[in-house]
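Results of the structural survey
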Amino acid sequence: MYLDPEKNDEASRVFDKANRVKPKNVKVLVNLGVALDNLSRSDAAQKYYREAIAIAPTDSLASCRLATSLYAQGKFSESMTLLRDLIAKQPRSHCAYFTMGVAFADAGLYRDAIRMWKKVVELAPASSEAQSAKESIDVLERFLAGQ
């Protein structure tokens, strides 16, 4: 539902209700956070990601979503610290490498971004993140070759 921009309000209501019916469900909390982030309600979204992490500290998706939300809000240092900690604790967390790659690319650190995205492809080759990473790697490698 939240993948359809026109249904984010509905998604947030459905996940909020699900959270009241079945509190402390990590998937519900993360999905509620995503719906709220899509509605530009980042502070509320981050609250639910943090709740999910408190319940399931090893849930890499909750941590990645929180890091992405913080990054989008301009809280770069907090986001990068979260990603570095996640990678240190869970070195196979492909979503952390993906988000780190985005941050490096935004900062103009293209070779580092490529390195992060290649790790995504290595760890989770069938994931949607890997597909996006492959496309980004291709674009950046062509850009760097033209310099």
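Each remark here, short or long, concerns the structure printed above.
Structure report, in brief. (Residues numbered from 1 in each chain as written. Predicted model: local features only at pLDDT ≥ 70, side-chain atom pairs only at ≥ 80, totals over all residues. Heavy atoms only, no water.)

Looking at the overall build of the chain
In terms of helices and strands, the chain carries eight helices and zero strands. Along the chain, helices (α) and strands (β) appear in the sequence α-α-α-α-α-α-α-α when read from the amino end. Taking 2.2 N^0.38 as the reference for a compact globule, 147 residues should give roughly 15 Å; the C-alpha atoms of the chain span a radius of gyration of 16 Å, in line with that estimate. Overall, the chain is about 55 × 35 × 30 Å in size when its C-alpha atoms are taken along their principal axes. Split into buried and exposed, the 147 residues of the chain put 42% on the buried side. (Helix = DSSP H or I, 4+ residues; strand = E, 2+ residues; numbered from the N terminus. Rg over C-alpha atoms; globule rule 2.2 N^0.38 Å. Buried < 20%, exposed > 50% of the residue type's maximum accessible area, 1.4 Å probe, protein only.)

Things to note about helix α6 (residues 94-106)
For α6, built from 13 residues, the straight-helix expectation of 18 Å at 1.5 Å per residue is met to within 8% by its first-to-last C-alpha distance of 19 Å. Summarising burial for α6: 10 of the 13 residues are buried, a large majority. Considering only its buried residues, α6 is in contact with α4 (60-72), α5 (76-89), α7 (110-123) and α8 (128-145). Taken from the residues just after α6, Gly108 is the one with a positive phi, measuring 80 degrees. (Expected span 1.5 Å × (residues − 1). Contact = heavy atoms within 4.5 Å.)

Some points on the packing of aromatic side chains
Under the definition given, this model contains three aromatic pairs. Each ring, one from Phe98 and one from Trp117, has its centre 6.5 Å from the other, and the planes form 40 degrees; the classification is tilted. Placement of the pair is Phe98 in helix α6 and Trp117 in helix α7, with a sequence separation of 19 residues. Taking relative accessible area as the criterion, Trp117 reaches 5% and is therefore assigned buried. (Phe/Tyr/Trp six-rings, centres within 6.5 Å; stacked < 30°, edge-to-face > 60°.)

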